[in-house]
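Topology and contacts: notes
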Amino acid sequence: MTAAPIRALVAGNWKMNGTTAALREPRLLAAMLKGVKLKCDVLVCPPATILRRAKAVMKGSKIRVGGQDCHAAASGAHTGDISADMLKDAGASMVIVGHSERRTNHKETDAEVLAKAKAVHRAGLTAIICIGETLEERKAGKTLEVLTAQIKGSVPAESNAGNTVVAYEPVWAIGTGLTPTTAEVAEAHTHIRAELEKAMGAEGSQTRILYGGSVKPSNAAELMSAANVNGALVGGASLKAADFIGIIKTYM
Ligand code: 13P
């Protein structure tokens, strides 16, 4: 029996951008996608402060909203932190964890990312677990080794294709305008697929693997055509509906 094709996901990570005025973009996006038959799922991850309102302005559309990181605990004395349950309560169906900006700026380890991904699963949401090598690691020929270690260290053993998405984001490609070649993307994604199959069995063959790092309307089709790429995790180009839709168009 051949497995069903994997439905792609195009996710926008707004990072620390957007106040109430930015809600015009998801509103616009929902209007642009009205009546369009998409061959992918679409997710917008705005800052938590406008998550609920972003969901409200896209009401009636199929676009989902997600959170950007969460605490590993469900509740407690953690000033300033947000739990997966809180994000769920605000309307999130997915949560990004292990983003390289968290791993670098907040010194998050694989073990912490693993605990956060488990918290997302406990809340009944889907974890988008980010992995990726630095430029130094790539230059040293360590890319695949780094990806293996990050998968082993930060993807929960009980993950399945429904509650887990892996995003390959080479650190050096984030916000730089630089992207790996299609062959390099295919090599990394095919390696990630093999590691997920080792760790998760059949579920690993169905788990979505997104590419992230300087995805734009002009390069999306080529990046998305690489083997084992099941969608995109988009930063800067997800902030404007007109740009984001240019990437979503890859799957129209
Ligand atoms: P850019 O698309 O701005 O390079 O950001 C990628 C990213 O970090 C998405 O999580």
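As shown above, the structure is provided for reference.
Residues numbered from 1 in each chain as written. Predicted model: local features only at pLDDT ≥ 70, side-chain atom pairs only at ≥ 80, totals over all residues. Heavy atoms only, no water.

1. Let's talk about the nonpolar core
Put simply, the rule reads: Throughout this description, the term nonpolar core refers to a set of buried Ala, Val, Leu, Ile, Met, Phe, Trp, Tyr and Cys residues connected via side-chain atoms within 4.5 Å. Any residue under 20% of the maximum accessible area for its type is buried, any over 50% is exposed, and the rest in between are partly exposed; the area is computed with a 1.4 Å probe on protein chains only. Numbering goes from the N terminus for both helices and strands, where a helix is a DSSP run of H or I of at least four residues and a strand is a run of E of at least two. The criterion used for residue contact is that any of the two residues' heavy atoms lie within 4.5 Å.
Ranked by internal contacts, the top residues of the largest apolar core, which has 63 residues, are L29, V42, V97, I192, Y211 and I248. Residue contributions to this core peak at 6 residues, all from helix 8 (residues 182-200). Excluding residues within four positions of it along the chain, I248 makes contact with V10, L29, L33, L38, C40 and V42. Ranked by size, the runner-up nonpolar core spans 12 residues in total, among them C45, I128, V165 and L233.

2. Topic: the packing of helix 5 (residues 110-122) against helix 7 (residues 143-154)
Formally: Orientation is described by axes fitted as lines to C-alpha atoms, over the contacting stretch for helices, and by angles from 0 to 180 degrees between their N-to-C directions. Angles are sorted into four bins: roughly parallel if under 35 degrees, roughly antiparallel if over 145, roughly perpendicular if 65 to 115, and oblique for all others. Residue classes follow a fixed rule: Ala, Val, Leu, Ile, Met, Phe, Trp, Tyr, Cys and Pro count as nonpolar, while Asp, Glu, Lys and Arg count as charged, and any other residue, Gly among them, counts as polar.
Their axes nearest at 7 Å, the elements helix 5 and helix 7 cross at an angle of 45 degrees. Classified by the interaxial angle, the pair formed by helix 5 and helix 7 is oblique. Between helix 5 and helix 7, the contacting residues are D110, A111, V113, L114 and A117 on the first element and A149, Q150, G153 and S154 on the second. Split by residue class, the contact of helix 5 with helix 7 holds 5 nonpolar, 3 polar and 1 charged.

3. Brief notes about the side chain of H99
Rules: Identification of polar contacts relies on pairs of N or O atoms within 3.5 Å, with a donor-acceptor requirement for protein atoms, meaning one able to donate a hydrogen and the other able to accept it, and with residues adjacent in sequence counted only if both atoms are side-chain atoms.
Note on placement: H99 falls in the loop between strand 4 (94-97) and helix 4 (100-105). Separated by 2.9 Å, the side chain of H99 and the backbone nitrogen of E101 make a polar contact. Look past the residues within four positions of H99 in its chain and what remains in contact with it is N13, K15, C130, E169 and I174.

4. Overview of the site of the ligand
For the record, the criterion: A single heavy atom is enough: if one lies within 4 Å of a molecule or strand, its residue is considered near that molecule or strand. For the accessible areas, the method is Shrake-Rupley and the probe is 1.4 Å, while residue cover comes only from the protein chains on display.
Around the ligand, a shell composed of 13 residues is seen, among which K15, H99, G175, S214 and G236 lie nearest. Taking N13, its side chain carries an N or O atom lying 3.0 Å from an oxygen atom of the ligand. Here an oxygen atom of the ligand and a side-chain polar atom of E169 are 2.9 Å apart. Contact with the protein chains removes 94% of the 310 Å² of surface that the ligand exposes when unbound. Residue composition of the shell around the ligand, by class: 4 nonpolar, 7 polar and 2 charged.

5. A few points about the pattern of salt bridges
Stated formally: Each salt bridge in this description consists of a side-chain nitrogen of Lys or Arg and a carboxyl oxygen of Asp or Glu lying within 4 Å of one another.
Summed over all chains, the structure comprises 15 salt bridges. For the salt bridge of K15 with E101, the shortest nitrogen-to-oxygen distance reads 2.8 Å. Here the residue K15 occupies a position in the loop between strand 1 (8-13) and helix 1 (24-33), and E101 occupies one in helix 4, the gap between them amounting to 86 residues. Overall, the relative accessible area of 21% leaves K15 in the partly exposed class. On the basis of relative accessibility, which here comes to 28%, the residue E101 falls in the partly exposed class. Residue R208 is joined to D41 by a salt bridge in which the shortest nitrogen-to-oxygen separation is 2.9 Å. Here R208, found in strand 7 (residues 208-212), pairs with D41, found in strand 2 (residues 40-45); they are 167 residues apart in sequence, far enough to count as distant. Classification of R208 by relative accessible area gives buried; the value is 12%. Salt bridges sharing partners connect three or more residues here, namely R7, D41, R64 and R208.

That's the geometry; what it means functionally is another story.
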